[in-house]
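# Coordinate analysis (summary)
Residue strings, one per chain:
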Amino acid sequence: MSSETVHFTDFKSDKRPTWCPGCGDFGTMNGMMKALANTGNDPENTFIVAGIGCSGKIGTYMRSYAFHGVHGRALPLGIGAKLANPELEVMVAGGDGDGYSIGAGHFIHAVRRNVDMTYVVMDNRIYGLTKGQFSPTSREEFETPTSPEGPQQAPVQPLALAFSAGASFLGQTFASHAQRHTEVLEAAIDHDGFALVNVYSPCVTFNDLDTYDYFREALVDLGETDHDPTNYASAKEKVMDFETTHEGVIYRDPDSVAYDDRKGLAADATELPDGAPDGVSALVDEFK
Amino acid sequence: MFEDFNWAVGGEAGDGIDSTGKIFAQALSRAGRHVYTSKDFASRIRGGYTAYKIRTSTDRIESVVDRLDILIALTQRTIDENRDELHDESVIIYDGERSWEAEIPDHVTGLSVPLRDLAEEAGGAIMQNVVALGAACAVADFPIEYLDSALEKRFGDKGEAIVDSNCQAARLGQSHVEETLDVSFEYDLETTEEEYVLLNGDEAIGLGAIAAGCRFYAGYPITPATAVMEYLTGRIEQFGGTVVQAEDELAAVNMALGAARSGARAMTATSGPGIDLMTETFGLVAASETPLVIVDVQRSGPSTGMPTKQEQGDLNTLLYGGHGEVPRFVVGPTTIAECFHKTIEAFNLAERYQTPVYLVSDLALAVTDQTYPADEFDMSAVEIDRGKLVESDELSTWQDEDGRFKPHAITEDGVSPRALPGTPGGVHMTTGLEHDELGRRTEDPELRNEQVEKRARKMETAQETESWEVREFGDPDAETLVLSWGSNEGSIREAMDRLAADGIDVRFLSVPYLSPRPDLGEAIEHAETTVVIECNATGQFADLVERDALTRVDRVNKYDGIRYKADDVEAAIRERVADPAEVSP
């Protein structure tokens, strides 16, 4: 790594985003690039795994080692990549549909497995790329072509879900609040374990409820309060308060030990000899 | 007396049947005898009926027969289930002091041994099966020292006291038969100086994976593939690797894919239901040109089917599963030793062609413990070929004019260079979307064609340059040609020996490569009759053979959940030789 020479624009590819003008994903991505650069990473040691949907295009618009997989499976893919080479900085990015609907099972298990990686969820509370169906985080009354009277079901509460699964880091940001967004991502990257950052990333085309104005009005910035993210009880209160939308680092377990550290993985799992590894004949003798 | 000897222990699930059988198999192996085992078991933790069966001989054996010489029966059902396999010289060892009253068939000798009482005398009722093993040693005239040695292997890590009391329990069983009952039998299990190893197909796959440098395994428990994961756990770590028990098969295959992108040799193993779940990602592995080995240990389907029963019903899904057109390798070991060798080959194919490999095994291979000389697993012969993995100093050849690395570069052989994350100068992305040479999404018709053709070219290169040898047995000029795949090889070979003794010669090609596969056309043309034997109802391999050779073949199918025995194969071939089936060309 050559952190002193890396500028966040080094993480920008020459591909122009096809996101709608004003899409929250621009701000989300800028913060990711800045946070990666500010934490001493460079495109060559960074592996970004993207999901499916508008958010999933992020790996194309950034410059780093990146993989764009199938819908809902970005987290296990990132886990495999990290465990095989713990030297990599692994960041998984996807939407609320990817993480909290089709990939919800992986989400819970990724949280409790606590592999050292950052999970950025671009939460716009809508399916944008398929043109406007309700998503797992849509409000109960949100009318869409597939929910003419609203989804009639409670929205997923990602922070509460992750907290109950034993999360070691919970952050929430707003794509338009660049500084706070970048700071939270930096803390997430520095965290030793699985860090969830739920980013409100408004869809300007299909969601007329959860708009920039709505979030500006609704968000309570924990950075402006005396909230101590290492205080479990205080974090629990924030996480379970579904009436208030918080911004900032909500919870951080300072004693978190990542799965990859607990398992003591070899850094050179990718290097192989030309023949069978030394000592493997002893395994044959075990069968005698 | 027969040259081979057939032994079984049976009872309810939870009676320790498996472990008891394995101990006796290990004792026979340590006595320099060949062993081939099978299991009757059900998908339940307790109750029902389960049995561990051993066929042993001083000669090499690779199949089971319908004959039992000694049966240790812990339940009446064990006797009833095996009634047809018992003969005039058979001996049943049972505990007549227990609450069930054994009904012993008239022609069979029943030996009542107070298994539980003797076990308690030795230190605990839990050792009653070991008492029975001691009794079996007495009946079979088998030196009990080999049983001691197997007990030491099994219980050694629990301390000397446990080993000693087990050896004591075995001796009480032995002396009860020899002294108290004072009967003698004609059985005499010879020992030899040969040194064998005893392992099953799942273990052989795990061993092959470690030998091939596999460093990452992710899986989800499923019968009959779980033993691969259990084998690797605690062992792969000694070689710098790791095992992850994933939350489901979708996660397992994606974790393995992620690890492979990082550059580790990675594998997952499952059975049919898991293959169904992994199929979407299988397409992604192929589209992103990532080397990955996916093991399918087949069991009876469809749906949950018969989870503990044999079938070779997944061939079509392995050959054709997945939307779109997905290049792939399908390699199918035909013996337990081949499970080891083909696993190593699968890793090399995967990396050489940056393409997923299905390694297809089956339940009969997975649950059978079989002896081999240790040098069958010769580690000095293992070669690891990582294909076009490029280091930093070679990268400039594979960059475009703007210095961008091309992970899907168009090449003559279809294989592109591969740069692992962390390699300076190799930064790239890739995706399951159709992409250009740089790995970036495209829907340009020309670029699309280039990538489709490039991926297809890899398979053409493989077809032309790799060796797709079949395993050939019998008389090359015989009128009857038998073709098969998977675990049937052993039974077919034994049936051929018996037929040859009767002057019926057969040529047998055991085919380990399903895609790409060898050209069987010439062999089929050379024969009068071609018979394809497989464990499924529709003849999936026979369909392939017919399509490739543009001809019709005679099909022998078995789909009752039980593996072929040599008896079944012998009967089927005799019938066809006597009366060749009318198969229209």
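Conventions and cut-offs
- Residues numbered from 1 in each chain as written.
- Chains lettered and ligands numbered in written order.
- Predicted model: local features only at pLDDT ≥ 70, side-chain atom pairs only at ≥ 80, totals over all residues.
- Heavy atoms only, no water.
- Helix = DSSP H or I, 4+ residues; strand = E, 2+ residues; numbered from the N terminus.
- Rg over C-alpha atoms; globule rule 2.2 N^0.38 Å.
- Buried < 20%, exposed > 50% of the residue type's maximum accessible area, 1.4 Å probe, protein only.
- Contact = heavy atoms within 4.5 Å.
- Areas by Shrake-Rupley, 256 points an atom, 1.4 Å probe, with all protein chains shown as cover.
- Pairing = 2+ DSSP bridges.
- Expected span 1.5 Å × (residues − 1).
- Axes fitted to C-alpha atoms, helices over the stretch in contact; angles between N-to-C directions.
- Salt bridge = Lys/Arg side-chain N within 4 Å of Asp/Glu carboxyl O.
- Polar contact = N/O pair within 3.5 Å; in protein donor to acceptor, adjacent residues only side chain to side chain.
- Nonpolar A, V, L, I, M, F, W, Y, C, P; charged D, E, K, R; others polar.
- Domains from an automatic or database assignment.
- Buried area = accessible area lost by both parts, 1.4 Å probe.
- Core = buried A, V, L, I, M, F, W, Y, C linked by side-chain atoms within 4.5 Å.

Here the focus is the overall build of chain B. Along its length, chain B carries 18 helices and 21 strands. Taken against the 2.2 N^0.38 rule, which gives 25 Å for 585 residues, the C-alpha radius of gyration of chain B at 26 Å falls within 12% of a compact globule. In terms of overall dimensions, chain B has a C-alpha envelope of 90 × 60 × 40 Å along the principal axes. Burial statistics for chain B: of 585 residues in total, 62% are counted as buried. For chain B, the share of sequence-separated contacts (at least 6 apart) that also reach a separation of at least 24 residues comes to 72%. Counting every atom, chain B has about 22,000 Å² of accessible surface; 43% of that belongs to carbon and sulfur.

A separate point is the pairing of strand β3 (residues 89-95) of chain A. Residues and elements named next belong to chain A. With seven of seven residues buried, β3 lies mostly within the body of the structure. Burial along β3 is two-sided: the face carrying E89, M91, A93 and G95 and the face carrying V90, V92 and G94 are both buried. Where strand β1 (residues 46-50) meets β3, five bridges bridge the pair, whose relative direction is parallel. Looking at β3, one finds that A50 is bridged to A93. Sheet analysis places β3 next to strand β4 (residues 117-123), joined by five bridges and oriented parallel. From the neighbouring strand, A93 faces β4, where its bridge partner is V120.

Below, the discussion takes up the environment of V130(B). All names here are of chain B. By secondary structure assignment, the location of V130 is in helix α4 (residues 128-140). Expressed as a C-alpha distance, the spacing of V130 and T37, which sit 93 residues apart in the sequence, is 18 Å. Among all residues touching V130, those that are not within four sequence positions of it are L151, N166, A169 and A170.

What follows concerns α4(B). Residues and elements named next belong to chain B. For α4, which comprises 13 residues, the first-to-last C-alpha distance of 18 Å matches the rise-based estimate of 18 Å (1.5 Å per residue) to within 8%. Most of α4 is tucked away: 12 of the 13 residues are buried. When α4 is considered as a whole, its buried residues turn out to be N129, V130, V131, A132, L133, G134, A135, A136, C137, A138, V139 and A140.

It is worth spelling out helix α1 (residues 24-38) of chain A at this point. Given 3.6 residues per turn, any residue in an α-helix points the same way as the ones three and four places further on. Taking 1.5 Å per residue as the helical rise, α1(A) with its 15 residues ought to reach 21 Å, and the 21 Å between its terminal C-alpha atoms agrees with that figure. Buried within α1(A) are the following residues: G24(A), D25(A), T28(A), M29(A), G31(A), M32(A), M33(A), A35(A), L36(A) and A37(A).

Here we come to the sheet that holds strand β12 (residues 329-331) of chain B. All names here are of chain B. Reading across the sheet, the seven strands line up as β9-β8-β10-β11-β13-β12-β19 and stay open at both edges, with mixed pairing between neighbours. Only two strands of the sheet have a single partner each, and these edge strands are β9 (242-245) and β19 (513-515). When strand polarity is set aside, the average angle formed by the axes of neighbouring strands in this sheet is 20 degrees. In this sheet, strand β10 (residues 265-270) lies alongside strand β8 (residues 214-219) in parallel orientation, the contact comprising three bridges. Within β10, the position partnered with F216 by the bridge is A266. In the packing of helix α12 (residues 336-353) onto the sheet, the strands contacted are β8, β10, β11 (292-298), β12, β13 (356-362) and β19, and the crossing angle to β13 comes to about 165 degrees.

What follows is about the pattern of salt bridges. All names here are of chain B. Under the counting rule described, the total for this entry stands at 59 salt bridges over all chains. As a salt-bridge pair, E351 and R265 come within 2.8 Å of each other at their nearest N and O atoms. Placement of E351 in helix α12 and of R265 in strand β10 is noted, with a sequence separation of 86 residues between them. For the pair formed by E351 and R265, the shared burial category is buried. Close ionic contact of E345 with K342 constitutes a salt bridge, the shortest N to O distance being 3.8 Å. Here the residue E345 and the residue K342 both occupy positions in helix α12, the gap between them amounting to three residues, near one helical turn. A residue is classified by how much of its surface remains accessible, and K342, at 7% relative accessible area, is buried.

Turning our attention to the interface of chain B and chain A. With 70 residues of chain B in contact, the opposing surface of chain A contributes 53 residues. Taken together, chain B and chain A are joined by five salt bridges. When the shortest N-O distance is used, the salt bridge between D14(A) and R440(B) registers 2.7 Å. If you look at where chain B meets chain A, you find 26 residue pairs in polar contact (both at pLDDT 80 or more). Every element with two or more residues in the side of chain B that touches chain A is listed here: α1 (17-30), β7 (196-199), α7 (201-211), β8, β9, α9 (249-262), α10 (272-287) and β15 (429-431) of chain B. No other element matches α9(B), which puts nine residues into the side of chain B that touches chain A. Split by residue class, the side of chain B that touches chain A holds 33 nonpolar, 21 polar and 16 charged.

Okay, the domain arrangement of chain B next. In many analyses, interface size is given as the accessible surface area lost on bringing the parts together. All names here are of chain B. When the domains of chain B are assigned, the result is domain 1 (5-194), domain 2 (199-381), domain 3 (392-465) and domain 4 (471-578). The distance between the C-alpha centroids of domain 2 and domain 3 comes to 26 Å. Each partner contributes to the interface: domain 2 provides 18 residues, whereas domain 3 provides 21 residues. Between domain 2 and domain 3, a total of about 1,500 Å² is buried, with carbon and sulfur atoms accounting for 53% of that surface. Linking domain 2 to domain 3 there are three salt bridges. A salt bridge links E289 to K458; the nearest nitrogen and oxygen atoms lie 2.5 Å apart. Run the count over domain 2 and domain 3 and you get 12 residue pairs in polar contact (both at pLDDT 80 or more).

Let us now look at the nonpolar core. Counting 89 residues, the largest nonpolar core has L170(A), L196(A), F216(B), L292(B), L483(B) and F541(B) as the members making the most contacts within it. In terms of residue count, the dominant contributor to this core is α9(B) (eight residues). Once residues lying within four places of it in the same chain are set aside, the contact partners of F541(B) are L315(B), L483(B), S484(B), W485(B), V511(B), L514(B), L520(B), V532(B) and E534(B). Counting residues in hydrophobic clusters, the runner-up holds 58 residues, among them V280(A), V295(B), A350(B) and V367(B).

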